[in-house]
Every structure is written in C-alpha cells, then in structure tokens.
Amino acid sequence: MSVWFLLTAAVLLQQPQVELQTLEGAPQIGSLSQLTADGAVITTGEGGATVSAEDLLEIRFPGRKPVLPSRDSIHVTLTDGSHFACKSFALASQKAQPTIEGLEPFSFSSRSLATIRLAPAEGAIAELWSDMQKRDFETDALIIRKGDILDYLTGVIGDIDDKTVKFLIDNDELELPREKVFGLIFYHRTPRKTRSACGISLTDGGLLLARSVELMESKLNARLSVGGSLELPLSKIESLDFSNGKVVYLANMEPRDVQYVPYFDITWTYRRNSNLDGGPIRLDGKTYSKGLSIHSRTTLKYRLRGDYRRFRAVMGIDQIVEGRGNVKVVISADDNVLLETTVKGTDQPQPLDLDVSGARDLTILVDFGEDLDIADHLDLADARVTK
C-alpha cells in the first residue's frame, strides 16, 4: 500500500460528512473538502462534485446532537437577526465582546446589539420578556425582575462587565450589580442595514449571520455581517444556510390578488404553513412545515417581476381528508399555462418543477373537480420560487 494512498485516505477521513442541497435537485452526500466564496466541493463515492455559490442552498452536518445552553447562559440578539447564548459578555468603549462556549472570543460594534438577557427566563417570565422586547421604547431600556413581573428604566446603556452594568438616567450614571439586572434592550432610531450570505446554525440553537464563510481544515472562518471575524469548529455547526435571496417561499409572500368562489355557502380561506383545518400539512405520511393549502375555487396571483427562474412544490390532496377530494389545477406564468392537471385524493404527491424565467406574475388556480367541492384540500407543500 503506497504512502500516497495512506495520506489521501487520512485526509478524507478528516473531512466532515455533509448533506449538500442545491437549487436544482436531490441532496448530495459526501465529504466536504472545500468551501469558499465561489462554492463548495464534496467527495462522494462517485468522485468529486463541485457546486457553485449561485446554486448552493444548504449544507447540513447529519448526526449532530443538539446541546442546550446552560441555564445561567447570557442570551444575546443582534439587529441582523443573529442570536446566541454565551458564557460571558462585556461591553466597553462601544465594543461588544461575547464569549461562546467552545469558540474563541470575538467582538463587534455595540450598534449591532438588539437585546441582552442576563438572567434565566422560564414560563410566565419568558412571555413577559418577549412582550417587553416588542415595546416601542424611545431610549434604551434596563429591565428588572420584581418577583413575577418585569419592570424597566429608560435611559442610555453604558459599559458592562462581569460585575456591574452602567446606566445613564437624566445625566446621572448608575452602576448596578449585574445580578440585579434581568435584561437590556437597545434603542435604534434607524436600524443598520446588513448583508448576509450564510446563516450558521449552531448545535446549541444559536444563529450567526455571515457575509462570507471559508473552510479552513477543521474550522470555518466566518466574516460576520455585523463586523469582525470568527473561527468556528465544525463540531459546533449544525447547518449552513445559503438560501438568503435565492429562495422565497410563497407562504412568505403576499399575493397581489386573491379570488375565492364558494360552491356552497361555506368559505374556505387559503392557509399558509398549515392545512385547511389548521393542522400540519401532510402528504403520504410526510409532514411539511412550509407550504400553501388551497380549497376550490381559489385563484392566487403572485408578482414575480421577472426575478425568478423556477417554481417548485410538492402537490397533493392533504391526507386529513383520507383519500377524498378532486380538483383541477392550472398554474400559469403570465399568459403561459405551465401546468393543467387533475389532482385526486387517491393520487400520490406530485413534485412540481416549472420554468418561470422572466415571468411577471405567477397564477395558481385550484378549480372544482368532479365531486362538487367535497374534501378539495389541495396542498402545495414547500411551494417556493428560486432565482
């Protein structure tokens, strides 16, 4: 056995096994050997496969077990949508310095801070904290727990260390013991616009948004969208999401026109991310978290503005109606009919992959079939358009 073969085998064994999803088709499974701003390279049983950055949708690390943060962790959210638990946090000279378990310390501007929770939040207190974050404060807010309620002071948040929190009220600076402060909410008159190319989901439930990522042996080098860089061990990563700007789910889009014509006097309003009875979308035993549920006769029209090239979904009658249902489905891009078919409750779910390149509008018509409108519960699971 040659030395070259042994070295090659050792390198491959060190490469993490991943499931790589592209815009175009089924997941590819193999060893991740390269990841840069240009795309990814994985090694499979059939050789190497290169995926460009434009076609890369997601990289998952199968088998990663979730690790819950400790109860006394500090929880931080940022203005770009990042959120994470950390074991320590400091703020000085407008620089935030969190320390996440298993990662090197990093820093970024305090202008990117949205909230900091310094104490555990469970049950009713967690709900109160959620409500507090939705308030329209006109300055920073310091949150204090008083038994089973949360109260607040308004002013300007100053430096934070492991013992104290400084807070300015009417030009008077208070220095409060950290254990007396439940949380902090930062006021932003004009939220900073940030750009992210990758969402990094951590095994402890955290999310970091990055402008770019690059594989460096067994670590991921990430340039954060809020500024600064961070090296993450691959063992801390659950998935890498590159879908931002590439994929839009129809459930997240507002249709420009909705028309509904009932067969009888019962109104069935189309639903997003649930079946028509409010439960999960289910087709042939599989549950989908995203999608549309549409009753006959409904027409939905979405404005695409020529920005997308494919419309994809899994189409079928929801299994809650137990094999009943019969609808006619017509899907059009502008005046071009892309699909015209009948869908029955006894049919197997049908994957859709339709070309909408250059289309200004996408129209979905779910019409009455051969059985009046009885059990016409059509699902378009994972309905999405891709750029």
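As a reminder, the structure under discussion sits directly above these lines.
As a starting point, this report considers the structure included with it.

The rules behind the values
Residues numbered from 1 in each chain as written. Predicted model: local features only at pLDDT ≥ 70, side-chain atom pairs only at ≥ 80, totals over all residues. Heavy atoms only, no water. Core = buried A, V, L, I, M, F, W, Y, C linked by side-chain atoms within 4.5 Å. Buried < 20%, exposed > 50% of the residue type's maximum accessible area, 1.4 Å probe, protein only. Helix = DSSP H or I, 4+ residues; strand = E, 2+ residues; numbered from the N terminus. Contact = heavy atoms within 4.5 Å. Phe/Tyr/Trp six-rings, centres within 6.5 Å; stacked < 30°, edge-to-face > 60°. Lys NZ or Arg CZ within 6 Å of the ring centre and 35° of its normal. Pairing = 2+ DSSP bridges. Axes fitted to C-alpha atoms, helices over the stretch in contact; angles between N-to-C directions. Salt bridge = Lys/Arg side-chain N within 4 Å of Asp/Glu carboxyl O. Patch = residues over 30% accessible without salt bridge, like charges linked within 9 Å, V, L, I, M, F, W, Y side chains within 5 Å. Areas by Shrake-Rupley, 256 points an atom, 1.4 Å probe, with all protein chains shown as cover.

1. Quick notes on the nonpolar core
And step 1. Judged by nonpolar contacts, the single largest core of 51 residues is most densely connected at I59 and I200.
And step 2. Looking at this core, the element that brings in the most residues is strand 18 (residues 207-216), giving 4 residues.
And step 3. Apart from residues no more than four positions distant in its own chain, I200 is found in contact with G206, L207, L208, A210, V213, L220, A222, L232, I237, S239 and L240.
And step 4. Counting 33 residues, the second largest nonpolar core, distinct from the first, contains M253, L304, V321 and A333.

2. Brief notes about the packing of aromatic side chains
And step 1. Throughout the structure, instances matching the rule amount to 6 aromatic pairs.
And step 2. An angle of 65° between the planes, with centres 5.0 Å apart, marks the rings of Y263 and F264 as edge-to-face.
And step 3. Aromatic rings pair up to connect F84, F106 and F108 into one cluster.
And step 4. Across from the ring centre of Y249, 5.2 Å away, lies the NZ or CZ of K290, which sits over that ring.

3. Quick notes on the sheet that holds strand 33 (residues 361-368)
Whether parallel or antiparallel, the strands of a sheet pair through hydrogen bonds between backbone atoms.
And step 1. Spatial ordering of the open sheet is given by 23-28-33-30-31, a layout of 5 strands whose pairing is antiparallel. Looking at the sheet topology across the chains shown, the edges are occupied by strand 23 (257-260) and strand 31 (336-344). Mean inter-strand twist for the sheet, computed between neighbouring axes without regard to direction, equals 10°.
And step 2. With 4 bridges joining them, strand 23 and strand 28 (residues 298-303) adopt antiparallel strand pairing. Bridge pairing in strand 28 places Y260 opposite T298.

4. Comments concerning the environment of A49
And step 1. Summarising the element assignment, A49 is placed in strand 4 (residues 47-52).
And step 2. Separated by 149 residues in the primary sequence, A49 and C198 place their C-alpha atoms 20 Å from one another.
And step 3. The residues contacting A49, other than those within four sequence positions of it, are Q28, A40, V41 and I42.

5. Some thoughts on the environment of L365
And step 1. One can find L365 in strand 33.
And step 2. Classification of L365 by relative accessible area gives buried; the value is 16%.
And step 3. The residues contacting L365, other than those within four sequence positions of it, are R297, T298, T299, K328, V329 and V330.

6. Considerations on the pattern of salt bridges
And step 1. This model, assessed by the stated rule, comprises 12 salt bridges.
And step 2. Between R309 and D55 there is a salt bridge, with the nearest N and O atoms lying 3.4 Å from each other. Placement of R309 in the loop between strand 28 and strand 29 (310-317) and of D55 in the loop between strand 4 and strand 5 (56-60) is noted, with a sequence separation of 254 residues between them.
And step 3. Looking at R309, the relative accessible area reads 27%, which means it is partly exposed.
And step 4. Under the relative-accessibility criterion, D55 is labelled partly exposed at 26%.
And step 5. For R71, the salt bridge goes to E122, with nearest N and O atoms at 3.0 Å. With a gap of 51 residues between them, R71 in the loop between strand 5 and strand 6 (74-78) and E122 in the loop between strand 11 (113-117) and helix 2 (123-133) connect regions that are remote in the sequence.
And step 6. Residue class for E122 comes out partly exposed when judged on its relative accessible area of 48%.
And step 7. One continuous salt-bridge network, built from bridges that share partners, spans R256, R303 and D361.

7. Digging into unusual backbone geometry
And step 1. Following S296, the chain continues to R297 via a peptide bond in cis, the omega torsion being -10°.
And step 2. Summarising the element assignment, R297 is placed in the loop between strand 27 (291-295) and strand 28.
And step 3. We note that L372 has phi near 55°; this positive angle belongs to a residue other than glycine.
And step 4. Turning to its location among the elements, L372 is positioned in the loop between strand 33 and strand 34 (377-386).

8. Let's talk about a nonpolar patch on the surface
And step 1. Taken together, Y263, F264, L372 and I374 make up a surface patch of nonpolar side chains, about 350 Å² in accessible area.
And step 2. By secondary structure assignment, the location of F264 is in the loop between strand 23 and strand 24 (271-272).
And step 3. F264 gets classed as partly exposed once you look at its relative accessible area, which sits at 45%.

These values are about where atoms sit, not about what they do.
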